[in-house]
Amino acid sequence: EVKSITWDNCDSGKLPGTIKSLSITPEPVSIPGDVTVSLVLNTDVPLSSPLQIQIAAEKELLGEWLTVPCIDKFGSCTYKDICDLLDAFFKPGQQCPGPLATYGLPCHCPFKAGSYALPTTSFKIPNLSLPSWMADGSYRVTGILTHNNKEIGCAKFTFTLSTSSSWWW
């Protein structure tokens, strides 16, 4: 389960790229299970390749926040160009899938300046296999989006992961 999810823009919304609203239900989110999301993103500048995102992930352990290393592209990782990742995930020239196409949302760079809204939409979350060292605990994750070494946006998320079975059983 994922519970106690909170988010905020790092910069009090002063950078050109911001999360205007984000809603995730139910609370907690079960994995596997259904999740309903609504999201509004805004960018005051066009976004084009290279669009880097740096993720800093931390896990709370005995009252201290420890950095989660980047292992198999998961954890505190830097992704040099998310435009390339989008192209690998959503093949160029093909229509964007599902709710993205329904609401006219792009899935490839460049992105025009403006507001991008995903109205309340339900998704199925598959059974995800997390590394055992990530299975339970409180986390905070910060993502910083940059273009040509200029910070475009920054968001912070906190959440708690818990597995259905306890380690002492």
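This text goes with the structure placed above it.
Residues numbered from 1 in each chain as written. Predicted model: local features only at pLDDT ≥ 70, side-chain atom pairs only at ≥ 80, totals over all residues. Heavy atoms only, no water.

(A) Region of the structure containing the state of the cysteines. Under the defined criterion, the tally for this structure stands at four disulfides. Through a disulfide, C96 is tied to C107; the S-S separation comes to 2.1 Å. Across the S-S bond of C96 and C107 the torsion is about -90 degrees, and the bridge reads as left-handed. Pair noted here: C96 is in the loop between α1 (82–89) and α2 (98–102) and C107 is in the loop between α2 and β7 (114–125), with a separation of 11 residues, a long-range link. Note on accessibility: C96 and C107 belong to one class, buried. Across the protein, the way the bonded cysteines pair up, counted in sequence order, is 1-8, 2-3, 4-7, 5-6. (Disulfide = S-S within 2.5 Å. Helix = DSSP H or I, 4+ residues; strand = E, 2+ residues; numbered from the N terminus. Buried < 20%, exposed > 50% of the residue type's maximum accessible area, 1.4 Å probe, protein only.)

(B) Region of the structure containing the pattern of salt bridges. In this structure the tally under the stated criterion is two salt bridges. Note that D34 is salt-bridged to K124, the shortest N-O span being 3.0 Å. Here D34 is found in strand β3 (residues 33–43), whereas its partner K124 is found in strand β7, with 90 residues between them in sequence. Overall, D34 belongs to the partly exposed group, its relative accessible area being 45%. Taking the relative accessible area as the measure of exposure, K124 reaches 67% and is therefore exposed. Measuring nitrogen to oxygen at the nearest pair gives 2.6 Å for the salt bridge that ties E58 to R140. (Salt bridge = Lys/Arg side-chain N within 4 Å of Asp/Glu carboxyl O.)

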